[in-house]
Amino acid sequence: MRVRNPRTGEYDFEFQECKPETIRNTARKLSANQIAWYHSGIANRIAVIQEWKLVLISMKEVLVGALAADTGRTWETTAEVDWVIDSIDKWCAVARKFYDQHNEWIPYPLITVLSPWNFPLALSMMDTLPALLSGAAVMVKPSEVTPRHVMVLKETIDLVPGLHEVLCITPGTVETGALMADKSDLICFTGSIASARKVLLAASKKMIPVLFDLGAKDPAVVLSSADLEMAATTIVKGSTTNAGQSCLSFERIYVHASVHDALVDLLISKANELKFIDTHLLKGEIGPIIFEKQVLTINTHLEDAIALGATLVTGSKQCEEINGGFYCRPTVLVNVTQNMLVMREETFGPIMPVMAFDQTDELIEMVNDSEYALGAAVFAGSDEEALQVARRINAGAVSINEAALNAILHASDSVSFNWSGVGGLRIGPENFSRFLKKKNIHLLKNSYSH
């Protein structure tokens, strides 16, 4: 398979997709090896994963380089690798504590992880690490859009004795993922709602349980008492990190009418300071749109908003092609309404649509008027005022005066509400148990005596 470079538009990489029989043989091998992996005990599994961490650290520079080539971005790539390395210690601690308190739980033998292209390493390891520590064997199907880093990752796995016997990472098409999923006992899927429906339909035929991490349309709420400088800085960062290609991005901004204009001015100023990473990977902040098909979605949302009366106060009306790559300027829209695509569907670009509100009840109605409910943020002058609003927002995780604290802190057993998914995805004991089944053994004493 030939792979497009998001910065140049050239197809400069290729990989060989696994044949169906290879996948079937791999699934059988992993399932057979899983028994010994589970019975080796949590201490051994932690030791193996810790050894893998050391290998990842030693090959960090190479891994960052391959991941940067996959995504075309800079500082987010280093942060992504660091996040994975850091999460190993946190998941190991969770697993050790869990097994110190429970011995009646057993893992799903073979787990398939279907991961996306926007944070290709982190979003695959988010499920893979706890699944391995639970005692399961794991097959990972990364996106065919971003497969370069997989070759490096495979090399790190081969350097850890025994790890390749219970972990296989193979890029491929939808058909590859479907075959992997068909041979598994549990599926972890991260992606779009449309794709999730197909996965769920296929899994239902064999009664395979599925954990979903799907789309989002996270709102940022700015109350009249908020520190506007801080709020604007955080919102711009939260909307443009990875060029907005994150399920945790702010995609809707609701501002109290009394501070609407002041905040918009700040958003414009801060957005205009950001530059494209178009000529050099180490210069600029806004990387390319990774997946070419996403360009159409962003352009459609912008066109729809402007046609329905929105005003573009900074940015551009559509993505720009520069040296073969597609880029979207940080864009601020005002005079938007709830019926616009940019306020209802996942855009996955650095777009900041801003709406004013007067009353809290009006605000809550608009914020909760969405099929998505992953995260949100509230900016206010006091914790008490922010919490009063946060408690009424329908979302799995709400940050106060910050963006995506659940991801930053690795500390929340957050879950996805509505169509944003099923099952938790962050560090924590409640979410570790989703890879396990509780086994009960009942013995009636003296059952064989008269």
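Before reading on, note that the structure itself is shown above.
What counts and what doesn't
Residues numbered from 1 in each chain as written. Predicted model: local features only at pLDDT ≥ 70, side-chain atom pairs only at ≥ 80, totals over all residues. Heavy atoms only, no water. Pairing = 2+ DSSP bridges. Helix = DSSP H or I, 4+ residues; strand = E, 2+ residues; numbered from the N terminus. Axes fitted to C-alpha atoms, helices over the stretch in contact; angles between N-to-C directions. Buried < 20%, exposed > 50% of the residue type's maximum accessible area, 1.4 Å probe, protein only. Right-handed = clockwise from strand over helix to strand, strands pointing away. Parallel < 35°, antiparallel > 145°, perpendicular 65-115°, else oblique. Left-handed = near helix turned anticlockwise from the far one by under 90°. Contact = heavy atoms within 4.5 Å. Nonpolar A, V, L, I, M, F, W, Y, C, P; charged D, E, K, R; others polar.

Reading across the sheet, the seven strands line up as 11-14-15-10-9-17-18 and stay open at both edges, with mixed pairing between neighbours. Where the open sheet ends on each side, the last strands, each with one partner, are strand 11 (311-314) and strand 18 (397-400). If you compare each strand with its neighbour and ignore which way they point, the axes differ by 25° on average. Direction of pairing for strand 9 (residues 218-222) relative to strand 17 (residues 375-379): parallel, over a ladder of three bridges. Bridge assignment links V222 to a residue of strand 17, and that residue is F379.

To continue, consider the pairing of strand 8 (residues 210-213). Burial along strand 8 is two-sided: V210 and F212 facing one way and L211 and D213 facing the other are all buried. Where strand 7 (residues 186-190) and strand 8 come together, four bridges link them in parallel fashion. Across the sheet, the residue bridging to T190 is D213, located in strand 8. In this view, the connection linking strand 7 to its parallel neighbour strand 8 by way of helix 8 (residues 193-204) has right-handed handedness. In this sheet, strand 20 (residues 421-422) lies alongside strand 8 in antiparallel orientation, the contact comprising two bridges. Paired with F212 across the two strands is V422, which belongs to strand 20.

Okay, the packing of helix 2 (residues 42-58) against helix 6 (residues 148-158) next. At a minimum axis separation of 9 Å, helix 2 and helix 6 run at an interaxial angle of 135°. Judged by the inter-axis angle, helix 2 sits oblique to helix 6. As for how helix 2 packs across helix 6, the hand of that crossing is right-handed. Together, W52, V55 and L56 of helix 2 and L153, T156 and I157 of helix 6 make up the contact between the two elements. Along the lines of polarity and charge, the residues of the contact of helix 2 with helix 6 split into five nonpolar, one polar and no charged.

Moving on, we come to unusual backbone geometry. Residues other than glycine seldom take positive phi values, yet A243 does so here, at roughly 55°. In this structure, A243 sits in the loop between helix 9 (228-240) and strand 10 (250-256). Residue classification places A243 among the buried positions, given a relative accessible area of 1%. With a phi angle near 55°, N323 is a residue other than glycine that sits in the positive phi range.

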